[in-house]
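Each chain, letter by letter, is given below.
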Amino acid sequence: MLYRLRQGDRNAFAELYKKYWRRLFDSAYKRLLLREECEEIIQEIFIDIWEKRETLIITVSMEAYLFGALRYRIYNLIRSRKIRSAYLDHLTNTQEIEKNYIEDSLYYDELAGALARSIENLPEKIKKVYQLSRRENLSYKEISLQLNIPVDTVEKQMGKAIKIIRASLKDFILILILLAESGFE
(Lines give C-alpha, C1' and ligand atoms only; values in the text may rest on other atoms or scores of the structure.)
Protein backbone atom coordinates (compact mmCIF):
# COMPACT_ATOMS: atom_id res chain seq x y z
CA MET A 1 0.00 0.00 0.00
CA LEU A 2 2.86 2.39 0.81
CA TYR A 3 4.26 1.85 -2.68
CA ARG A 4 0.88 2.69 -4.21
CA LEU A 5 0.62 5.78 -1.99
CA ARG A 6 4.05 6.97 -3.11
CA GLN A 7 2.84 6.69 -6.69
CA GLY A 8 -0.07 9.02 -5.86
CA ASP A 9 -2.70 6.28 -6.01
CA ARG A 10 -5.83 7.89 -4.57
CA ASN A 11 -7.55 4.50 -4.29
CA ALA A 12 -4.78 3.27 -2.01
CA PHE A 13 -5.22 6.39 0.10
CA ALA A 14 -9.00 5.86 0.23
CA GLU A 15 -8.48 2.21 1.28
CA LEU A 16 -6.09 3.29 4.02
CA TYR A 17 -8.54 5.95 5.22
CA LYS A 18 -11.53 3.58 5.24
CA LYS A 19 -9.58 0.83 6.94
CA TYR A 20 -8.24 2.90 9.84
CA TRP A 21 -10.39 6.01 10.30
CA ARG A 22 -12.97 4.48 12.67
CA ARG A 23 -10.38 2.71 14.81
CA LEU A 24 -8.27 5.87 15.06
CA PHE A 25 -11.35 7.90 15.93
CA ASP A 26 -12.45 5.46 18.64
CA SER A 27 -8.98 5.45 20.16
CA ALA A 28 -8.75 9.25 20.11
CA TYR A 29 -12.26 9.69 21.51
CA LYS A 30 -11.45 7.54 24.55
CA ARG A 31 -8.76 10.05 25.46
CA LEU A 32 -10.14 13.40 24.32
CA LEU A 33 -13.93 12.99 24.54
CA LEU A 34 -14.41 15.78 21.98
CA ARG A 35 -15.59 14.66 18.56
CA GLU A 36 -14.32 17.68 16.60
CA GLU A 37 -10.84 17.47 18.12
CA CYS A 38 -10.66 13.77 17.30
CA GLU A 39 -11.79 14.30 13.73
CA GLU A 40 -9.36 17.17 13.27
CA ILE A 41 -6.39 15.20 14.61
CA ILE A 42 -7.16 12.22 12.41
CA GLN A 43 -7.68 14.45 9.40
CA GLU A 44 -4.30 16.08 9.99
CA ILE A 45 -2.64 12.66 10.17
CA PHE A 46 -4.11 11.61 6.83
CA ILE A 47 -3.32 14.96 5.22
CA ASP A 48 0.30 14.63 6.38
CA ILE A 49 0.50 11.12 4.94
CA TRP A 50 -0.83 12.29 1.60
CA GLU A 51 1.35 15.40 1.44
CA LYS A 52 4.49 13.50 2.49
CA ARG A 53 3.69 10.30 0.60
CA GLU A 54 6.66 10.53 -1.77
CA THR A 55 9.22 10.86 1.03
CA LEU A 56 7.41 8.96 3.77
CA ILE A 57 9.55 6.30 5.42
CA ILE A 58 7.67 3.79 7.54
CA THR A 59 9.74 1.16 9.34
CA VAL A 60 6.82 -0.43 11.20
CA SER A 61 3.42 -1.60 10.05
CA MET A 62 1.05 1.02 8.69
CA GLU A 63 -1.22 0.39 11.69
CA ALA A 64 1.62 0.95 14.16
CA TYR A 65 2.65 4.10 12.30
CA LEU A 66 -0.89 5.55 12.33
CA PHE A 67 -1.51 4.80 16.00
CA GLY A 68 1.92 6.18 16.89
CA ALA A 69 1.12 9.39 15.00
CA LEU A 70 -2.23 9.54 16.80
CA ARG A 71 -0.59 9.13 20.25
CA TYR A 72 1.92 11.86 19.43
CA ARG A 73 -0.77 14.34 18.34
CA ILE A 74 -2.99 13.57 21.33
CA TYR A 75 -0.02 14.06 23.65
CA ASN A 76 0.74 17.44 22.07
CA LEU A 77 -2.89 18.53 22.32
CA ILE A 78 -3.14 17.53 25.99
CA ARG A 79 0.18 19.22 26.74
CA SER A 80 -1.07 22.38 25.01
CA ARG A 81 -4.27 22.27 27.08
CA LYS A 82 -2.26 21.95 30.30
CA ILE A 83 0.00 24.86 29.40
CA ARG A 84 -3.01 27.03 28.56
CA SER A 85 -4.75 25.99 31.77
CA ALA A 86 -1.66 26.71 33.86
CA TYR A 87 -1.31 30.13 32.24
CA LEU A 88 -4.94 31.00 32.94
CA ASP A 89 -4.60 29.75 36.53
CA HIS A 90 -1.53 31.93 36.92
CA LEU A 91 -3.42 34.97 35.66
CA THR A 92 -6.33 34.42 38.01
CA ASN A 93 -4.04 33.81 41.00
CA THR A 94 -1.70 36.75 40.45
CA GLN A 95 -4.20 39.45 39.67
CA GLU A 96 -7.82 40.10 40.27
CA ILE A 97 -9.70 39.81 37.03
CA GLU A 98 -12.36 42.38 36.58
CA LYS A 99 -15.22 41.28 34.39
CA ASN A 100 -15.82 43.85 31.75
CA TYR A 101 -18.63 42.57 29.58
CA ILE A 102 -18.48 45.48 27.14
CA GLU A 103 -14.79 44.83 26.52
CA ASP A 104 -15.41 41.09 26.25
CA SER A 105 -18.16 41.76 23.76
CA LEU A 106 -15.80 43.90 21.69
CA TYR A 107 -13.17 41.15 21.76
CA TYR A 108 -15.75 38.60 20.73
CA ASP A 109 -17.04 40.83 17.91
CA GLU A 110 -13.49 41.42 16.68
CA LEU A 111 -12.74 37.71 16.70
CA ALA A 112 -16.05 36.85 15.03
CA GLY A 113 -15.37 39.45 12.35
CA ALA A 114 -11.88 38.07 11.73
CA LEU A 115 -13.28 34.56 11.45
CA ALA A 116 -15.96 35.71 9.01
CA ARG A 117 -13.34 37.55 6.90
CA SER A 118 -11.10 34.50 6.96
CA ILE A 119 -13.92 32.26 5.75
CA GLU A 120 -14.94 34.82 3.12
CA ASN A 121 -11.36 34.95 1.79
CA LEU A 122 -11.10 31.18 1.34
CA PRO A 123 -10.79 29.98 -2.26
CA GLU A 124 -14.31 29.49 -3.62
CA LYS A 125 -14.37 25.66 -3.76
CA ILE A 126 -12.80 25.31 -0.32
CA LYS A 127 -15.20 27.92 1.11
CA LYS A 128 -18.21 26.01 -0.28
CA VAL A 129 -17.03 22.74 1.32
CA TYR A 130 -16.29 24.50 4.63
CA GLN A 131 -19.69 26.19 4.74
CA LEU A 132 -21.54 22.97 3.92
CA SER A 133 -19.67 21.20 6.71
CA ARG A 134 -19.70 23.85 9.42
CA ARG A 135 -22.84 25.86 8.73
CA GLU A 136 -25.12 23.20 7.29
CA ASN A 137 -23.62 20.34 9.34
CA LEU A 138 -23.36 18.02 6.35
CA SER A 139 -21.11 14.99 6.55
CA TYR A 140 -18.18 14.67 4.16
CA LYS A 141 -20.10 12.02 2.26
CA GLU A 142 -23.15 14.30 1.93
CA ILE A 143 -20.94 17.14 0.72
CA SER A 144 -19.28 14.77 -1.74
CA LEU A 145 -22.64 13.80 -3.17
CA GLN A 146 -23.97 17.36 -3.27
CA LEU A 147 -20.89 18.79 -5.01
CA ASN A 148 -20.21 15.66 -7.07
CA ILE A 149 -16.60 15.38 -5.88
CA PRO A 150 -14.76 12.50 -4.16
CA VAL A 151 -14.89 12.26 -0.36
CA ASP A 152 -11.10 12.52 -0.16
CA THR A 153 -11.29 15.83 -2.04
CA VAL A 154 -13.80 17.07 0.55
CA GLU A 155 -11.41 15.96 3.30
CA LYS A 156 -8.44 17.70 1.71
CA GLN A 157 -10.39 20.90 1.15
CA MET A 158 -11.60 20.91 4.77
CA GLY A 159 -8.03 20.37 5.93
CA LYS A 160 -6.86 23.30 3.81
CA ALA A 161 -9.72 25.49 5.06
CA ILE A 162 -8.88 24.76 8.70
CA LYS A 163 -5.17 25.45 8.13
CA ILE A 164 -5.91 28.75 6.37
CA ILE A 165 -8.38 29.85 9.05
CA ARG A 166 -6.02 28.92 11.87
CA ALA A 167 -3.18 30.83 10.23
CA SER A 168 -5.33 33.91 9.75
CA LEU A 169 -6.54 33.84 13.38
CA LYS A 170 -3.15 33.27 15.03
CA ASP A 171 -2.96 36.95 15.97
CA PHE A 172 -6.18 36.59 17.95
CA ILE A 173 -4.84 34.12 20.52
CA LEU A 174 -4.68 36.88 23.15
CA ILE A 175 -8.33 37.69 22.54
CA LEU A 176 -9.21 34.01 22.94
CA ILE A 177 -7.31 33.87 26.22
CA LEU A 178 -9.03 37.02 27.49
CA LEU A 179 -12.44 35.66 26.54
CA ALA A 180 -11.68 32.32 28.15
CA GLU A 181 -10.50 33.85 31.42
CA SER A 182 -13.54 36.10 31.62
CA GLY A 183 -15.96 33.28 31.00
CA PHE A 184 -17.62 35.16 28.14
CA GLU A 185 -20.55 33.26 26.65
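Only a predicted model underlies this, so the values are computations on that prediction, with no experimental measurement involved.

Draft legend 1. Spotlight on the overall build of the protein chain. Along the backbone of the protein chain there are nine helices and zero strands. When the elements of the protein chain are put in sequence order from the N terminus, they spell out α-α-α-α-α-α-α-α-α. Expressed as a percentage of its 185 residues, the buried residues of the protein chain come to 36%. Carbon and sulfur atoms make up 53% of the accessible area of the protein chain, which totals about 12,100 Å².

Draft legend 2. How the structure looks around helix H3 (residues 35–51). A rise of 1.5 Å per residue sets the reference length of H3, with its 17 residues, at 24 Å; its end C-alpha atoms lie 24 Å apart and thus fit the reference within 8%. The complete set of buried residues in H3 reads Cys 38, Ile 41, Ile 42, Gln 43, Ile 45, Phe 46, Ile 47, Asp 48, Ile 49 and Trp 50.

Draft legend 3. Local environment of the pattern of salt bridges. Tallied over the full model, the rule gives 14 salt bridges. Here Arg 73 and Glu 44 are joined by a salt bridge, their closest N and O atoms 3.1 Å apart. One end of the pair, Arg 73, is in helix H4 (residues 62–94); the other, Glu 44, is in helix H3, and 29 residues separate them in sequence. Linked through salt bridges whose partners overlap, the residues forming this network are Glu 40, Glu 44, Asp 48, Arg 73 and Arg 166.

Draft legend 4. Quick peek at the packing of helix H2 (residues 10–32) against H3. Contact pair H2 / H3: the axes reach a minimum separation of 9 Å and the direction vectors enclose 145°. Handedness of the H2/H3 crossing: right-handed. For the pair formed by H2 and H3, the contact residues are Arg 10, Phe 13, Leu 16, Tyr 17, Tyr 20, Trp 21, Leu 24, Phe 25, Ala 28, Tyr 29 and Leu 32 on the first element and Arg 35, Glu 37, Cys 38, Glu 39, Ile 41, Ile 42, Phe 46, Ile 49 and Trp 50 on the second. For the contact of H2 with H3, the per-class residue count stands at 16 nonpolar, no polar and four charged.

Parameters and conventions
- Residues numbered from 1 in each chain as written.
- Predicted model: local features only at pLDDT ≥ 70, side-chain atom pairs only at ≥ 80, totals over all residues.
- Heavy atoms only, no water.
- Helix = DSSP H or I, 4+ residues; strand = E, 2+ residues; numbered from the N terminus.
- Buried < 20%, exposed > 50% of the residue type's maximum accessible area, 1.4 Å probe, protein only.
- Areas by Shrake-Rupley, 256 points an atom, 1.4 Å probe, with all protein chains shown as cover.
- Expected span 1.5 Å × (residues − 1).
- Salt bridge = Lys/Arg side-chain N within 4 Å of Asp/Glu carboxyl O.
- Axes fitted to C-alpha atoms, helices over the stretch in contact; angles between N-to-C directions.
- Left-handed = near helix turned anticlockwise from the far one by under 90°.
- Contact = heavy atoms within 4.5 Å.
- Nonpolar A, V, L, I, M, F, W, Y, C, P; charged D, E, K, R; others polar.

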